[in-house]
Amino acid sequence: MVRKPRQTLDTLWARLEPLRIGPFKDGAFTSKLHDEKTAAYLGMALGISFGVAFLTGLLSYGIQDPPAWFLWPSRPFNLYRISQGLHVATGIATIPLLLAKLWTVFPKFFTWPPFQNPTHAFERLSLLPLVGGSVFLLMSGLNNIALWYPYNFFFRSAHFWASWITIGAMIVHIGAKASITRRSLRRTPQSQRQPESTGGLTRRGFLGAVAASVGVVTLATVGQTIRPLRNLSLLAPRNPAVGPQGFPVNKTARAARVLELAVDPSWRLRIEGAVKTPLSFSLGDLQAMKQRSATLPIACVEGWSATVHWEGVPLSDLLDLAGASRAATVSAQSLQPKGLYRKSELNRLHAFDPDTLVALRVNGEPLHLDHGFPARIVAPNRPGVMQTKWLSYLVVE
Amino acid sequence: MTENQVPSGKAFWICAASGWGIIIFGLLGVFAEANRTNPAQFGLWFVGSAIAHDALVAPAAFVTAIIVGKVVPATVRPVVQMGLIVAGSVAIVSLPFVLGLGGQAGNSSALPRNYLGGLLTIQAMVAGITILAALRRSKKLAQPSE
């Protein structure tokens, strides 16, 4: 007689029964907070926070590495600052949420039998990319804002692909748990409610503590982008008022290896490519041209931002002088000898925005070497890493 | 375990198919950009993250809960547990800053604060609020009910 697979599986679990020790035993976890309702509330919050982080993250990647159909506007000038500030703040706020959710569902890790049928095994297997990906994203994101890289992969790429894996696993999880979540979140009739325990935390207390944790870690870090809160944010990796000329630096001239090149008197800014007249400007030439000032944020991918007063030559004036088409894109290239951010592309909206400057001065002074002396690009609504410092070439395409 | 915890139905399979499609897209991306993602390292840290949580963070939380259950009087236990949840969350978020392993040589604007001092200040505030709330709760429970 041929045994059915289900019977075989049941026999296997029965044989393994003696191995059920420690957390695998029934009743090993006594807290009532390992329940479906608590998990459902936290799962909903995580769905929202990961959703926000995923969308704002995707936007940031799209801006830095745009597909052909994507034209990121130069206005409103603060939009990237808000979206990336939100991305990092949401990521930090998600840490207590995720830890609480994992704690709540931790007993399910030791569920017996480990799986009941292939569908169940498949659903449980899908938890590995969910848990691994969630923890990986928050861990690597937190390390990135601390500029700590204890691994040999490029953060941006690893974080990007891990976010797809995690979101995919989250969709599988939502499909598996949607009916349980719906059922759990229905209001329990008064007559069926259990009296609150006096010996431990209630669900309301637990969720309140998690919400308080979210509030505290947010307040402790968000001052890196919300300037009035900077003195309250005791754990913020940046202070928007601290740095040369009153705002932070992401990469110093020394780290970029431009200490000598940037102060070389023979420095020239060259405009080449699809122009009628290739041009070359010394620093004196640029200083002698009509200057424009603009108050624009420097908004870093690491989530910090600072509002700064810039002065310089409008990029559109230089492009018009060279005879570039108004539909042109511009590659701004740095003196930096290598690095993924040694050049950036300005689409036509950014290149010809009146506030896009070849900036020469900041906050009333010539640019500090660490802020890109002798000249840098500053454009509204762009990531800080694309505001190319130590400018040497503008290649029109 | 009840049968209804085994997922089923059309909606589940639609989510499962689309979700795994996206997971595979992500995995393909990791290998397509292997020069930047270093798949072996990526895999190690990805799986390691899950293991680190399950083998270290979660057991530490459970051990703490057991100690609190044995040491802290039942009347104030919920308040202490709430305080510990907040304090633990702040400690984990502060780790890369307090350990000082990041930053950039010669860049005084990166990690410009005294993070250990900041962490201790926040923890002292959390502890203070927890103690006040515990005292208030003890007093309230000690009062005879009308």
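Calculation notes
- Residues numbered from 1 in each chain as written.
- Chains lettered and ligands numbered in written order.
- Predicted model: local features only at pLDDT ≥ 70, side-chain atom pairs only at ≥ 80, totals over all residues.
- Heavy atoms only, no water.
- Helix = DSSP H or I, 4+ residues; strand = E, 2+ residues; numbered from the N terminus.
- Rg over C-alpha atoms; globule rule 2.2 N^0.38 Å.
- Contact = heavy atoms within 4.5 Å.
- Areas by Shrake-Rupley, 256 points an atom, 1.4 Å probe, with all protein chains shown as cover.
- Lys, Arg positive; Asp, Glu negative; His and termini not counted.
- Charge placed at Lys NZ, Arg CZ, Asp CG, Glu CD.
- Buried < 20%, exposed > 50% of the residue type's maximum accessible area, 1.4 Å probe, protein only.
- Pairing = 2+ DSSP bridges.
- Axes fitted to C-alpha atoms, helices over the stretch in contact; angles between N-to-C directions.
- Patch = residues over 30% accessible without salt bridge, like charges linked within 9 Å, V, L, I, M, F, W, Y side chains within 5 Å.
- Salt bridge = Lys/Arg side-chain N within 4 Å of Asp/Glu carboxyl O.
- Buried area = accessible area lost by both parts, 1.4 Å probe.
- Nonpolar A, V, L, I, M, F, W, Y, C, P; charged D, E, K, R; others polar.
- Polar contact = N/O pair within 3.5 Å; in protein donor to acceptor, adjacent residues only side chain to side chain.

**Things to note about the overall build of chain A**
Here comes step 1: Within chain A, the regular secondary structure consists of 11 helices and 10 strands.
Here comes step 2: In terms of overall size, chain A is more extended than a compact globule, its C-alpha atoms giving a radius of gyration of 27 Å where 397 residues would be expected to give roughly 21 Å.
Here comes step 3: Each of the three principal axes of chain A carries a C-alpha extent, and together these read 90 × 55 × 35 Å.
Here comes step 4: Sequence separation of at least 24 residues holds for 70% of the intrachain contacts in chain A that already meet a minimum separation of 6.
Here comes step 5: Surface accessibility of chain A: about 17,800 Å² in total, with carbon and sulfur atoms responsible for 61%.
Here comes step 6: For chain A, the distance from the average site of its 42 positive side-chain charges to the average site of its 22 negative ones is 10 Å.

**Focus on the overall build of chain B**
Here comes step 1: Secondary structure summary: chain B contains 5 helices and 0 strands in total.
Here comes step 2: Reading chain B from its N terminus to its C terminus gives the helix and strand order α-α-α-α-α.
Here comes step 3: Relative to the globule expectation of 15 Å for 146 residues, the C-alpha radius of gyration of chain B, 23 Å, shows a markedly less compact shape.
Here comes step 4: The C-alpha extent of chain B, read off along each of the three principal axes, is 65 × 60 × 25 Å.
Here comes step 5: Sorting the 146 residues of chain B into buried and exposed places 35% on the buried side.

**Considering the sheet that holds strand β2 (residues 279-281) of chain A**
Residue and element names in this part refer to chain A.
Here comes step 1: Taken in spatial order, the 5 strands make up an open sheet running β2-β1-β10-β5-β6, and their pairing is mixed. In this open sheet, the two strands that pair with only one neighbour each are β2 and β6 (343-346). Taking each pair of neighbouring strands and ignoring which way they run, the sheet shows an average axis angle of 20°.
Here comes step 2: Strand direction decides the pairing type here: strand β1 (residues 269-273) and β2, joined by 3 bridges, are antiparallel. In the strand pairing of β2, arginine 270 is matched with serine 280.

**Overview of a nonpolar patch on the surface**
Here comes step 1: On the surface, Leu128(A), Val47(B) and Ile51(B) cluster together into a nonpolar patch covering about 240 Å² of accessible area.
Here comes step 2: Residue position: Val47(B) is located in helix α3 (residues 39-71).
Here comes step 3: By relative accessible area, which is 34% here, Val47(B) ends up partly exposed.

**Description of the pattern of salt bridges**
Residues and elements named next belong to chain A.
Here comes step 1: Per the counting criterion, the structure on display carries 10 salt bridges over all chains.
Here comes step 2: In this structure, arginine 361 and glutamate 311 form a salt bridge, with 3.9 Å as the shortest nitrogen-oxygen distance. Taken together, the positions of arginine 361 in strand β7 (residues 357-362) and glutamate 311 in strand β4 (residues 305-314) put the pair 50 residues apart, joining distant regions of the chain.
Here comes step 3: Counted as one network, the salt bridges with shared partners bring together Arg75, Arg292, Asp353 and Asp355.

**Focus on the pairing of strand β5 (residues 330-334) of chain A**
Residue and element names in this part refer to chain A.
Here comes step 1: Taking burial as the measure, the 5 residues of β5 include 5 buried ones, the bulk of the element.
Here comes step 2: Both faces of β5 are covered, namely the face carrying Val330, Ala332 and Ser334 and the face carrying Ser331 and Gln333.
Here comes step 3: Both β5 and β6 contribute to a ladder of 4 bridges, which runs antiparallel. Within β6, the position partnered with serine 331 by the bridge is glutamate 345.
Here comes step 4: As paired strands, β5 and strand β10 (residues 391-396) are joined by 5 bridges and run antiparallel to one another. Opposite alanine 332, over in β10, you have leucine 394 as the bridge partner.

**Things to note about the pairing of β4(A)**
Residue and element names in this part refer to chain A.
Here comes step 1: Most of β4 is tucked away: 7 of the 10 residues are buried.
Here comes step 2: The pairing of strand β3 (residues 292-299) with β4 spans 8 bridges and is classified as antiparallel. Looking at the pairing, proline 297 lines up with threonine 307 of β4.
Here comes step 3: With antiparallel pairing between neighbouring strands as the criterion, β3 and β4 make up a hairpin whose turn holds 5 residues, including glycine 303 at a positive phi of roughly 100°.
Here comes step 4: With 5 bridges joining them, β4 and β7 adopt antiparallel strand pairing. Paired with proline 314 across the strands is leucine 357, a residue of β7.

**Structural notes on the interface of chain A and chain B**
Here comes step 1: At the junction of the two partners, chain A supplies 87 residues and chain B supplies 69 residues.
Here comes step 2: Overall, the association of chain A and chain B removes approximately 6,800 Å² of surface from exposure, summing both partners, and the carbon and sulfur fraction of that is 72%.
Here comes step 3: Across the contact surface, chain A and chain B share 0 salt bridges.
Here comes step 4: Among the elements of the structure, α3 (79-105), α4 (118-125), α5 (127-145), α6 (155-185) and α7 (203-221) of chain A are those that each provide at least two residues to the side of chain A that touches chain B.
Here comes step 5: Counting residues per element, the side of chain A that touches chain B draws most heavily on α6(A), at 15 residues.
Here comes step 6: Residue composition of the side of chain A that touches chain B, by class: 53 nonpolar, 25 polar and 9 charged.

**Considering the environment of Arg326(A)**
Residue and element names in this part refer to chain A.
Here comes step 1: By the element assignment, arginine 326 lies in the loop between α10 (315-322) and β5.
Here comes step 2: Placed 121 residues apart in sequence, arginine 326 and glycine 205 show a C-alpha to C-alpha distance of 60 Å.
Here comes step 3: Those residues in contact with arginine 326 that lie beyond four places of it in its chain are Ser316, Asp320, Arg348 and Phe352.
Here comes step 4: One polar contact links arginine 326 to aspartate 320, side chain to side chain, over a distance of 2.7 Å.

**What to know about unusual backbone geometry**
Residues and elements named next belong to chain A.
Here comes step 1: Here the residue pair arginine 75 and proline 76 is connected by a cis peptide bond, since its omega of -5° sits within 30 degrees of zero.
Here comes step 2: Secondary-structure assignment places proline 76 in the loop between α2 (36-64) and α3.
Here comes step 3: The omega torsion across tryptophan 112 and proline 113 is -5°, close enough to zero to call that bond cis.
Here comes step 4: In this fold, proline 113 is placed in the loop between α3 and α4.
Here comes step 5: Phi at arginine 257 is positive, roughly 60°, even though this residue is not glycine.
Here comes step 6: Topologically, arginine 257 is positioned in the loop between α8 (253-256) and β1.

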